[in-house]
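Residue-level listing of the chains:
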Amino acid sequence: MAPMHRLPGLPDRGRCLVMGVVNVTPDSFSDGGSWFDPKEAIEHGLRLAEDGADIIDVGGESTQPGAQRVSRDEELRRIGPVVRELARQGVAVSIDTMRAEVAEYAVEAGARLVNDVSGGLADPSMARLVAKTGVAYVLMHWRGHSHDMQSRAVYADVVQEVHDELRQRMETIVDEGVDPGQIVLDPGLGFAKRPDRGHNWALLAHIDRFNELGRPLLIAGSRKRFLGRLLADTDSTPRDYTDCDDATVALTALCADRGAWAVRVHDARPNADAVRVAAAWRSGGAGLDEGRAVDIRGGL
Ligand code: PMM
């Protein structure tokens, strides 16, 4: 069984954590445009926390396949008020950014986790910033920016290559001064992974291999295309992401049972239920008083 990990500044609830997504973007894959207004984004973050999300991940740049980059100033304008207000209200905020300057601003505004989908490759200053602040850091497997990442999804053995590339990135940022205890690893479902080649399912089937790297794992499959493809109609039309939340919950339960540290999801409540079911399942009921919840609800 994978060990439970403690990360600086983040909750430890003895179970898989739920990270709720707030994309302050007009163009993210599943919630782009929904919370583009800062007030609505803040309300949405608070609602996710009330629904049981332990961490709220705020992003100002879409990374869906084909997406173009936004400027640093625009990214700051989008995430600034949202990070600040959620942190002020006691929420554990994660900043989803590839830019060290944005991460620095967010950490000063109260963010407790830097979620970098590029694993430090997009901005050479990122490792230094993470080392300097001591903040927890998600290092995701990444092969290039979204505009052409799917052309880089060429693997002889996807599990081995993602594993080795993650290990190498981890060694590099540790050489640059990051404490290994700050690092969370993420196989990067959907990022240079092709739904029609089974890459995402191969990675999920081998979560144990990634646990062997000795660091907590974040898994982010919520509403992604490989789920829509799995649930395609008889005419092969992929199911729309709006109808993939039940599949996401199933994935959450399986990842939590396999020892994932956290899952990143768009809909908090059913996934918060799923991680509690998995915790009880894993423990065989140990520590559960009759009639009491597995643990206190996260959030506020
Ligand atoms: N995926 C998206 C955005 N941020 N962060 C991590 N660590 N891992 C991911 O797989 C990941 C991420 C894209 O999904 P969205 O557009 O639904 O937010």
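Residues numbered from 1 in each chain as written. Predicted model: local features only at pLDDT ≥ 70, side-chain atom pairs only at ≥ 80, totals over all residues. Heavy atoms only, no water.

Bringing the overall build of the protein into the picture now. The number of helices and strands found in the protein is 10 helices and 8 strands. Scaling as 2.2 N^0.38, a compact globule of 300 residues should have a C-alpha radius of gyration of about 19 Å, and the protein matches this with 18 Å. Considering the protein as a whole, with its 300 residues, one finds that 53% of them fall into the buried category. Considering only contacts in the protein between residues 6 or more positions apart, those separated by 24 or more positions represent 68%. Carbon and sulfur atoms make up 49% of the accessible area of the protein, which totals about 12700 Å². Each charge class in the protein can be summarised by its mean position, and for the 36 positive and 46 negative side chains these summaries are 1 Å apart. (Helix = DSSP H or I, 4+ residues; strand = E, 2+ residues; numbered from the N terminus. Rg over C-alpha atoms; globule rule 2.2 N^0.38 Å. Buried < 20%, exposed > 50% of the residue type's maximum accessible area, 1.4 Å probe, protein only. Contact = heavy atoms within 4.5 Å. Areas by Shrake-Rupley, 256 points an atom, 1.4 Å probe, with all protein chains shown as cover. Lys, Arg positive; Asp, Glu negative; His and termini not counted. Charge placed at Lys NZ, Arg CZ, Asp CG, Glu CD.)

Among the 5 residues of strand 2 (residues 55-59), 5 are classified as buried, and the element is accordingly described as predominantly covered. Across the two faces of strand 2 the burial is the same, with Ile55, Asp57 and Gly59 and Ile56 and Val58 all buried. Note: strand 1 (residues 17-23) against strand 2, 5 bridges, orientation parallel. Residue Met19 lies in a different strand from strand 2, and its bridge partner there is Ile55. (Pairing = 2+ DSSP bridges.)

Quick look at the site of the ligand now. Near the ligand lie 16 residues; those nearest to it are Asp96, Asn115, Asp186, Lys224 and His266. One nitrogen or oxygen atom from the side chain of Asp96 is found 2.8 Å from a nitrogen atom belonging to the ligand. One nitrogen or oxygen atom from the side chain of Lys224 is found 2.7 Å from an oxygen atom belonging to the ligand. Notes on the ligand: free accessible area 410 Å², of which the protein chains cover 96%. Taken together, the residues of the shell around the ligand sort by class into 8 nonpolar, 4 polar and 4 charged. (Near = heavy atom within 4 Å. Polar contact = N/O pair within 3.5 Å; in protein donor to acceptor, adjacent residues only side chain to side chain. Nonpolar A, V, L, I, M, F, W, Y, C, P; charged D, E, K, R; others polar.)

What follows covers helix 1 (residues 38-50). In this model helix 1 runs 18 Å from its N-terminal to its C-terminal C-alpha over 13 residues, within 8% of the 18 Å that 1.5 Å per residue would give. Ala41, Ile42, His44, Gly45, Leu46, Leu48 and Ala49 are the residues of helix 1 that are buried. Along its buried surface, helix 1 packs onto strand 1, strand 2, helix 2 (72-88) and helix 10 (268-283). Gly52, located one to two residues past helix 1, shows a positive phi value of around 115 degrees. (Expected span 1.5 Å × (residues − 1).)

Side-chain alternation along strand 3 (residues 93-96) places Val93 and Ile95 on one buried face and Ser94 and Asp96 on a second face that is also buried. Across 4 bridges, strand 2 lies against strand 3 in parallel orientation. When the bridges of strand 3 are listed, Ile56 appears paired with Val93. Chirality of the crossover, the property in question, places the unit of strand 2, helix 2 and strand 3 among those that are right-handed. Of the strand pairs in this sheet, strand 3 and strand 4 (residues 113-116) are connected by 3 bridges, and their pairing is parallel. Residue Asp96 lies in a different strand from strand 4, and its bridge partner there is Asn115. (Right-handed = clockwise from strand over helix to strand, strands pointing away.)

As a further point, take the confidence of the model for the protein. Per-residue confidence for the protein averages 93 on the pLDDT scale, and 95% of its residues sit at or above 70. Taken together, the stretch residues 296-300 has pLDDT below 50 and engages in 23 contacts with residues farther than four places along the chain or on a different chain. (pLDDT = per-residue confidence, 0-100.)

Let us now look at the packing of aromatic side chains. Going through the model one piece at a time under the given rule, you end up with 1 aromatic pair. For the pair Trp201 and Phe226, a centre-to-centre distance of 5.2 Å together with 80 degrees between the ring planes defines the contact as edge-to-face. Here Phe226 lies in helix 8 (residues 225-230) and Trp201 lies in helix 6 (residues 199-205), a separation of 25 residues in the sequence. Under the relative-accessibility criterion, Phe226 is labelled buried at 3%. (Phe/Tyr/Trp six-rings, centres within 6.5 Å; stacked < 30°, edge-to-face > 60°.)

Our focus in this paragraph is the sheet that holds strand 7 (residues 218-219). The parallel open sheet is built from 8 strands, whose spatial order is 6-5-4-3-2-1-8-7. The open sheet has two free edges, formed respectively by strand 6 (183-186) and strand 7, since each of these has just one partner strand.

A separate point is the pattern of salt bridges. Per the stated rule, a full pass over the model turns up 22 salt bridges. A salt bridge links Glu75 to Arg99; the nearest nitrogen and oxygen atoms lie 2.6 Å apart. Here Glu75, found in helix 2, pairs with Arg99, found in the loop between strand 3 and helix 3 (100-108); they are 24 residues apart in sequence, far enough to count as distant. We classify Arg99 as buried; its relative accessible area is 16%. A salt bridge links Asp196 to Arg194, with the nearest nitrogen and oxygen atoms 2.6 Å apart. Each of Arg13, Arg15 and Asp54 takes part in a single network of salt bridges with overlapping partners. (Salt bridge = Lys/Arg side-chain N within 4 Å of Asp/Glu carboxyl O.)

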